[in-house]
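# Structural features, examined
For reference, the chains in residue letters:
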Amino acid sequence: EYLNSIDVLDNFFSHHSLEHMIDAEEIIQLAGQKLKPRGIYYVIVPAGDYLHSVHHVVFERAEELLPVGLEPILIQEQERFGEKEFICVATKMD
């Protein structure tokens, strides 16, 4: 709802949040559309996760986090505190 109410995002940051959203794919694409040129898109979600009461979506690959039209800076699986996660950092070119 918030993303629909604004015209432009300077940056988009989501750390272990998208997996809790029922409409995660829509949020990813909308964030990419609203990101201003040279803005930074930064998303981290759990890797190898499973659906349960608080996680409504599971990401199989880090590439699923990249919105259409954004230029990737970093897309990878990484480990933090012994847990695997996917990270996607991207920007919108001019």
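These notes cover the structure that comes with them. Keep in mind the model is a prediction, meaning the values are calculated, not measured.

### Examining the side chain of Glu-19
As for its placement among the helices and strands, Glu-19 is situated in the loop between β1 (12-15) and α2 (24-34). The buried charged residue Glu-19 lacks any salt bridge, with Arg-80 as its nearest oppositely charged partner at 8.8 Å. Those residues within four positions of Glu-19 in sequence are excluded, and the remaining contacts are Val-45, Pro-46, Val-54, His-55, His-56, Val-57 and Phe-59.

### Some words on a nonpolar patch on the surface
Taken together, the side chains of Ile-40, Ile-73 and Leu-74 define a hydrophobic patch exposed on the protein surface, amounting to about 230 Å² of accessible area. Inspection of the secondary structure assignment puts Ile-73 in strand β3 (residues 71-80). We classify Ile-73 as exposed; its relative accessible area is 53%.

### So, unusual backbone geometry
Of note, Arg-38 is a non-glycine position whose phi angle comes to about 70°, a positive value. Mapping Arg-38 onto the fold places it in the loop between α2 and β2 (40-46). One non-glycine residue, Phe-81, lies in the positive phi region at around 55°. Here Phe-81 shows up in the loop between β3 and β4 (83-91). Residue class for Phe-81 comes out exposed when judged on its relative accessible area of 75%.

Parameters at a glance
Residues numbered from 1 in each chain as written. Predicted model: local features only at pLDDT ≥ 70, side-chain atom pairs only at ≥ 80, totals over all residues. Heavy atoms only, no water. Helix = DSSP H or I, 4+ residues; strand = E, 2+ residues; numbered from the N terminus. Buried < 20%, exposed > 50% of the residue type's maximum accessible area, 1.4 Å probe, protein only. Lys, Arg positive; Asp, Glu negative; His and termini not counted. Salt bridge = Lys/Arg side-chain N within 4 Å of Asp/Glu carboxyl O. Contact = heavy atoms within 4.5 Å. Patch = residues over 30% accessible without salt bridge, like charges linked within 9 Å, V, L, I, M, F, W, Y side chains within 5 Å. Areas by Shrake-Rupley, 256 points an atom, 1.4 Å probe, with all protein chains shown as cover.

Structural measurements only, silent on function.
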